[in-house]
2 protein chains.
Amino acid sequence: MAATRQLHLGAFMRPVSIHTGAWRYPGALPDANFNFAAIRRYIERLEAAKFDAFFMADHLAVLNMPVDALKRSHTVTSFEPFTLLSALAGATTRIGLVATASTTFDEPYHIARRFASLDHISEGRAGWNIVTTANPDAALNFGYDSHLDHDARYVRAREFYDVVTGLWDSFADDAFIRDVDNGLYFDPARMHVLDHKGPELKVRGPLNIARPVQGWPVIVQAGASDPGRQLAAETADVIFGAESTLAAGKAFYADIHDRMRWYGRDPSGIKILPAAFVVVGDTDEEARARRAHLDSLVHYDSGIGSLSSQLGYDVSGFDPDGPLPEIPETNAGRSGRERIVEAARAKNLTIRQLAARAGSYAGLAFVGTPETIADGMEEWLVERGSDGFNVMFPWLPGGLDDFVDRVVPELQRRGLFRREYEGTTLREHLGLARPANRFFPASDRLVAA
Amino acid sequence: MAATRQLHLGAFMRPVSIHTGAWRYPGALPDANFNFAAIRRYIERLEAAKFDAFFMADHLAVLNMPVDALKRSHTVTSFEPFTLLSALAGATTRIGLVATASTTFDEPYHIARRFASLDHISEGRAGWNIVTTANPDAALNFGYDSHLDHDARYVRAREFYDVVTGLWDSFADDAFIRDVDNGLYFDPARMHVLDHKGPELKVRGPLNIARPVQGWPVIVQAGASDPGRQLAAETADVIFGAESTLAAGKAFYADIHDRMRWYGRDPSGIKILPAAFVVVGDTDEEARARRAHLDSLVHYDSGIGSLSSQLGYDVSGFDPDGPLPEIPETNAGRSGRERIVEAARAKNLTIRQLAARAGSYAGLAFVGTPETIADGMEEWLVERGSDGFNVMFPWLPGGLDDFVDRVVPELQRRGLFRREYEGTTLREHLGLARPANRFFPASDRLVAA
Ligand SMILES: Cc1cc2nc3c(=O)[nH]c(=O)nc-3n(C[C@H](O)[C@H](O)[C@H](O)COP(=O)(O)O)c2cc1C
Ligand SMILES: Cc1cc2nc3c(=O)[nH]c(=O)nc-3n(C[C@H](O)[C@H](O)[C@H](O)COP(=O)(O)O)c2cc1C
């Protein structure tokens, strides 16, 4: 079946891997969360494989787990995304650089500046993963006694986005005339003072940096609750989906496109890239055995901690071999909790089984030969379950090398993935237009640099 | 006269130069504030010359000037320090990287994380220039209607410092045991939960990153008012002084050392590095002519804008050829205003003359041949007016090249400046000890890496 569309591939990274057992896997680098040189090698390989983007997850606290689980987790220490991605910008020339930043615990002026600066430094490769921060422990690190309400976080996020994009538009692209003879550095008529006064935020502007190379850095969104989807439909260029079956993926894909049309956006302006955990083997069986080995490295204390963290509720006191009891609604991420509760009911899983899934990776996984994995990815693309994937490597560097050396060539052979970058910016890799400046629509540069 | 001590040299940078006329100087790069490659070349030259540190000034708003001045200023756009210095970390291996960050408009958890991350990425080269942000326009970009009170800003700064350094001490250096067999990543007994509850800040911790390579990144302070000096005496590793005569420099140097003794700190734990504007020529006369040419490139509208900004009070309406009238006390930086008012009185300067000084650089300047400049620097060092300098280049790249190619060799010839780096961290360049972890004093690594 000839695919007219092509896959977009992001690498969803934590330095040691997303998987909590990965640091114990043979050949893994358990110190990668201190080791900049290792991460530089990872991104160099991903760029050589023509990935659209390197995506850095982020959390504003150590993950909230009981200490018996936490002490087994390599996630307790990691680089901060802006410093890491900026350093990686200097080591790369083409791959997109997506940083996670929270609208709940940061200021729009800071966020607008940093992404604009990263976009200038990287010559148009920055992306912002907007999160509202589900981890309630984060609030305690920012002066609050308890977490902010889920819906209130999304209300602030929406206004935050308006302010940040408004700040990015502070200067017309042609504002900086640099007329040496007359001593005129820029044309003040081409500068806009935002003067935002909203219910949540008051920000005057202008931003003290020129408009980003991409106009606006690429907006990424991963919240899956109803307000999360709505925010994405209104604002996102890329969605990191979390559906684990093709049927659910297709429903999600259609839902987002419907919401976009309803809001007045053309659905071609968004790329939906579900997170996908990929384990490669010489045979499907070998791949499954490798995954089973990896999962066996998750200690029960760690799995139950991940489960409690994902539920936003401590379940370590319940009978491991009993069913999941009724969990009260909390302020943490809603969609994650619902997915777990549904799976527990549908498959009659015990707490022990849920813990194993939580400490491992419970979402969409492609486990098999390069051909099996390419078949699965192609099916999602063709059936419109997605526009590509955010690949999670089960362990590093081995799992990344397997994907780059074996799966990417198979996808290229099928005409499903680029062999060379065509553009230079992340927007160009993703086939997304450069947004017009809302205050100076006529000044926009052509997309070609 | 044989100097036993050596100079420490920082480069105090804005991409185009500190001087507001510099972008018009022949050979200058007026677009350097968009041009990462240019800044990379600057830092590579400074590292080859064995500078202690590259220091990035920062402001959280466009400088508050009337638009007739602003439009002539290259400072209206610049990179954000964390993204810039992180990108530069990847391009260098030895030179220190000092970023300015505000205690008034940021969160201690963010600041602690970013500096820790920069310190890990750069392998021990990060420094934090603590500022309380004198520009009142910054407040308007962060939700406030007016600027915070000067003294209140310093009260918050002091507590902010305690929280940030406490967060840096979240983990003992030996906390991360990474015991693969037993699945134990770190020893929870070697993690400290700060649980800070102070009058200004409430921050739980722990920080989600390992202790910085330097223990704590180098603390730099430039506030010169009484609370600014006190903060420096209690907390700083480096002070960026702003005294413009040797007599004032010696008094400042002695005052800081007195305050340190009073507070119980050994004065050898601080390095006082006044800002110094340096213009090199083949003869002293030629150097003065170059400076005069540079100053002539400052438009009157720009000079009067700089003066108003430094005074925190708009003086553009007064007679340019009359004296400076009484200026009411404002909430902006106090010490800068006092210095201008004193100079105006002492030298009977008109507003036009003050504007020319403000748009140029009114502080300490060494203008002459490499020998003249080295004589001046040596005198300050020997007389204990300073421990070195933060050099401001009048224009770039020319002024930087002149310093590196001509002044540095003269300082080296006199035995006043290193020919090679001896250590690898910024603390080692400055001869400063690695601070003990306040919660785990026995776990500290030896200074040698
Ligand atoms: C693939 C993926 C990546 C995510 N990355 C982050 C992250 O790095 N940091 C974060 O705080 N939340 C992250 N989230 C959580 C989401 O932002 C969101 O909080 C969560 O999916 C719950 O959805 P809700 O907030 O709409 O209820 C991620 C979610 C997904 C599906
Ligand atoms: C050499 C030097 C560099 C400075 N750099 C900055 C800077 O980058 N950003 C900033 O907001 N303030 C900067 N300042 C201002 C000081 O932090 C301080 O606000 C000012 O000297 C007024 O002192 P005071 O706040 O104690 O009244 C600098 C001052 C000096 C002397």
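Basis of the calculations
Residues numbered from 1 in each chain as written. Chains lettered and ligands numbered in written order. Predicted model: local features only at pLDDT ≥ 70, side-chain atom pairs only at ≥ 80, totals over all residues. Heavy atoms only, no water. UniProt positions renumbered as here; feature names shortened; annotations may be inferred. Helix = DSSP H or I, 4+ residues; strand = E, 2+ residues; numbered from the N terminus. Rg over C-alpha atoms; globule rule 2.2 N^0.38 Å. Contact = heavy atoms within 4.5 Å. Areas by Shrake-Rupley, 256 points an atom, 1.4 Å probe, with all protein chains shown as cover. Near = heavy atom within 4 Å. Polar contact = N/O pair within 3.5 Å; in protein donor to acceptor, adjacent residues only side chain to side chain. Nonpolar A, V, L, I, M, F, W, Y, C, P; charged D, E, K, R; others polar. Axes fitted to C-alpha atoms, helices over the stretch in contact; angles between N-to-C directions. Parallel < 35°, antiparallel > 145°, perpendicular 65-115°, else oblique. Left-handed = near helix turned anticlockwise from the far one by under 90°. Buried area = accessible area lost by both parts, 1.4 Å probe. Salt bridge = Lys/Arg side-chain N within 4 Å of Asp/Glu carboxyl O. Buried < 20%, exposed > 50% of the residue type's maximum accessible area, 1.4 Å probe, protein only. Pairing = 2+ DSSP bridges.

You'll find chain A entered in an unreviewed UniProt entry as LLM class flavin-dependent oxidoreductase, with Glacieibacterium frigidum given as the organism. Here is the UniProt Sequence similarities (unreviewed entry) comment for chain A, exactly as written: "Belongs to the NtaA/SnaA/DszA monooxygenase family."

(A) The arrangement of the overall build of chain A in detail. The number of helices and strands found in chain A is 15 helices and twelve strands. Whereas a compact globule of 449 residues would reach a radius of gyration of roughly 22 Å, chain A reaches 22 Å, a difference of no more than 12%. If you take every contact in chain A between residues at least 6 apart in sequence, the share linking residues at least 24 apart comes to 77%. Carbon and sulfur atoms provide 50% of the accessible area of chain A, an area that totals close to 15,600 Å².

(B) Molecular detail of the site of ligand 1. Residue and element names in this part refer to chain A. Taken together, 19 residues are adjacent to ligand 1, and Asp58, Tyr154, Ser225, Arg334 and Ser335 come closest. One nitrogen or oxygen atom from the main chain of Asp58 is found 2.6 Å from a nitrogen atom belonging to ligand 1. One of the backbone N or O atoms of Ala222 is found 3.3 Å from an oxygen atom in ligand 1. When ligand 1 sits alone it has 610 Å² of accessible area, and the protein chains cover 88% of it. Mapped onto the shell around ligand 1, the elements with two or more residues apiece are helix H6 (150-168) and helix H11 (334-347). Along the lines of polarity and charge, the residues of the shell around ligand 1 split into ten nonpolar, seven polar and two charged.

(C) Representation of the packing of helix H4 (residues 108-121) of chain B against helix H6 (residues 150-168) of chain B in the model. Residues and elements named next belong to chain B. Remark: H4 packs on H6, axes separated minimally by 9 Å, with the N-to-C direction vectors making an angle of 50°. Relative to H6, the element H4 is oriented oblique. Here H4 and H6 pass one another in a crossing that is right-handed. Contacts between H4 and H6 involve Pro108, Tyr109, Ile111, Ala112, Phe115 and Ala116 on the former and, on the latter, Phe160, Val163, Val164, Leu167 and Trp168.

(D) Main features of the packing of helix H1 (residues 36-48) of chain B against helix H14 (residues 398-413) of chain B. All names here are of chain B. Between H1 and H14, whose axes approach to 10 Å, the crossing angle comes to 15°. The orientation of H1 relative to H14 falls into the category roughly parallel. Considering only the axes of H1 and H14, their crossing is left-handed. Contacts from Tyr42, Arg45 and Leu46 in H1 reach Leu400, Asp401, Val404 and Asp405 in H14. Looking at the contact of H1 with H14 residue by residue, the class counts come to four nonpolar, no polar and three charged.

(E) Structural context of the interface of chain A and chain B. Taken together, the 70 residues of chain A in the interface contact 70 residues of chain B. Interface of chain A and chain B: buried area, both sides summed, is about 6,300 Å²; carbon and sulfur atoms make up 60% of it. Broken down residue by residue, the surface that chain A buries against chain B is led by Arg113, Tyr185 and Lys202 of chain A, which jointly contribute 11%. Applying the counting rule to chain A against chain B returns ten salt bridges. Asp145 of chain B serves as the salt-bridge partner of Lys202 of chain A, at 2.5 Å between the closest nitrogen and oxygen. Applying the counting criterion to the chain A and chain B interface returns 46 residue pairs in polar contact (both at pLDDT 80 or more). Listing elements by their share of the side of chain A that touches chain B, those giving two or more residues are helix H1 (36-48), helix H2 (67-70), helix H3 (81-89), helix H4 (108-121), helix H5 (136-140) and strand S6 (202-203) of chain A.

(F) Broad picture of the UniProt feature "domain: Luciferase-like" (unreviewed entry) in chain A. Here, the residues flagged by UniProt with the feature "domain: Luciferase-like" (unreviewed entry) are residues 23-387 of chain A. Between the C-alpha atoms that bound residues 23-387 of chain A there is a distance of 31 Å. The span itself is 42% helix and 11% strand.

(G) Representation of the pairing of strand S12 (residues 388-392) of chain B. Residue and element names in this part refer to chain B. The element S12 is extensively covered by neighbouring structure, given that five of its five residues are classed as buried. Side-chain alternation along S12 places Gly388, Asn390 and Met392 on one buried face and Phe389 and Val391 on a second face that is also buried. Relative to S12, strand S1 (residues 8-13) runs parallel, the two sharing four bridges. Bridging across to S12, Leu9 finds its partner in Phe389.

(H) Structural context of the pattern of salt bridges. Across all of its chains, the model carries 72 salt bridges over all chains by this definition. As a salt-bridge pair, Glu234 of chain A and Arg158 of chain A come within 2.5 Å of each other at their nearest N and O atoms. Remark: Arg158 of chain A occurs in helix H6 and Glu234 of chain A occurs in helix H7 (residues 226-235); sequence separation between them is 76 residues. A salt bridge links Asp295 of chain B to Arg291 of chain B, with the shortest nitrogen-to-oxygen separation between them at 3.7 Å. A residue pair is termed a helical-turn pair when its members lie 3 or 4 positions apart in one helix, as Asp295 of chain B and Arg291 of chain B do in helix H9 (residues 284-296) at four residues. Given the relative accessible area of 16%, Arg291 of chain B is considered buried. What emerges from the salt-bridge pattern is a single network uniting Asp169, Asp173, Arg211, Arg434 and Arg438 of chain A.

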